[in-house]
Amino acid sequence: MRIGELSERTGTPRRLLRYYEEQGLIVADRTPNGYRDYDEFFVDRVLQIRGLLDAGLPTRIIKQILPCLNKPRIIHFPDATPEMLATLEHELQRMTERVDCLTRNRDAIAEYLDEVRGGAPRLAAAG
């Protein structure tokens, strides 16, 4: 499939797909006229990359663990080095801290909205 179709099927801008290719995260064959040609496999691969990026992993780490990903959400990594394990543990801790921060902010916003929405009917009824 060409880059436009991969972009449409994954919701990923073409510019980002080119960046993923530059970073060695995906690989395209080239047609005789120079167009990129992606295998069907890269639909899931791009979705995996996006999920890992959304989780806060940098592309340098994603590049290291991508060979261990066979299907979305399944990781096989039998030859993990101590350095890779330490890196992933650090990233896990960093993600946990982000989740905690997001949870606190979500709860604060929800509480604020409850107060605002709870106060609005009383003000309207009083008038």
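Residues numbered from 1 in each chain as written. Predicted model: local features only at pLDDT ≥ 70, side-chain atom pairs only at ≥ 80, totals over all residues. Heavy atoms only, no water.

**Overview of helix α1 (residues 3–10)**
Alright, step 1. Inspection of α1 places Ile3, Gly4, Leu6, Ser7 and Thr10 among the buried residues, and these make up the whole buried set. One side of α1 holds all its buried residues, which, seen down the axis, span an arc of 165 degrees.
Alright, step 2. Where α1 is buried, its residues contact α2 (14–22), β2 (36–37) and α3 (41–54).
Alright, step 3. After α1 finishes, the residue Gly11 shows a positive phi value of roughly 70 degrees. (Buried < 20%, exposed > 50% of the residue type's maximum accessible area, 1.4 Å probe, protein only. Helix = DSSP H or I, 4+ residues; strand = E, 2+ residues; numbered from the N terminus. Arc of directions from axis to C-beta. Contact = heavy atoms within 4.5 Å.)

**Quick word on the side chain of Arg45**
Alright, step 1. Positionally, Arg45 belongs in helix α3.
Alright, step 2. Within the buried set, Arg45 has no salt-bridge partner at all; the shortest N-O distance to an opposite charge, 8.6 Å, is to Asp44.
Alright, step 3. Excluding its chain neighbours within four sequence positions, the residues that come into contact with Arg45 are Leu25, Ile26, Leu66, Pro67 and Leu69. (Lys, Arg positive; Asp, Glu negative; His and termini not counted. Salt bridge = Lys/Arg side-chain N within 4 Å of Asp/Glu carboxyl O.)

**Here's the deal with the packing of aromatic side chains**
Alright, step 1. This structure, assessed with the given rule, holds three aromatic pairs.
Alright, step 2. Seen in terms of ring centroids, Tyr38 and Phe42 are 6.2 Å apart; in terms of plane orientation they differ by 75 degrees. Their pairing is edge-to-face.
Alright, step 3. Looking at Tyr38, the relative accessible area reads 2%, which means it is buried.
Alright, step 4. Residue Phe42 is classed as buried on the basis of its relative accessible area of 12%.
Alright, step 5. A ring pair is formed by Phe41 and Phe42, whose centres lie 5.2 Å apart and whose planes are at 75 degrees; its orientation type is edge-to-face.
Alright, step 6. Here Phe41 falls in the partly exposed class, since its relative accessible area comes to 39%. (Phe/Tyr/Trp six-rings, centres within 6.5 Å; stacked < 30°, edge-to-face > 60°.)

**Topic: the pattern of salt bridges**
Alright, step 1. Within the structure shown, the criterion is met by five salt bridges.
Alright, step 2. Here Arg9 ties to Glu5 by a salt bridge, and the two come within 3.6 Å at their closest N and O atoms. Here the residue Arg9 and the residue Glu5 both occupy positions in helix α1, the gap between them amounting to four residues, near one helical turn.
Alright, step 3. Judged by relative accessible area, which is 38%, Arg9 ranks as partly exposed.
Alright, step 4. Measuring nitrogen to oxygen at the nearest pair gives 2.8 Å for the salt bridge that ties Glu91 to Arg94. Of this pair, Glu91 and Arg94 are both found in helix α5 (residues 82–126), three residues apart, which corresponds to roughly one turn of the helix.
Alright, step 5. Relative accessible area serves as the criterion here: at 5%, Glu91 is assigned to the buried category.
Alright, step 6. The class for Arg94 is partly exposed, based on a relative accessible area of 29%.

**Here's the deal with the nonpolar core**
Alright, step 1. Among the nonpolar cores identified, the biggest contains 21 residues, and Leu6, Leu17, Tyr20, Ile26, Tyr38, Ile49 and Ile62 are the most heavily contacted of them.
Alright, step 2. Of all the elements in the fold, those that place two or more residues in this core are α1, α2, α3 and α4 (59–65).
Alright, step 3. For this core, the element with the highest residue contribution is α3, accounting for five residues.
Alright, step 4. With residues up to four places along the chain from it excluded, the contact list for Tyr20 reads Thr12, Leu25, Ile26, Val46, Ile49, Arg50 and Leu53. (Core = buried A, V, L, I, M, F, W, Y, C linked by side-chain atoms within 4.5 Å.)

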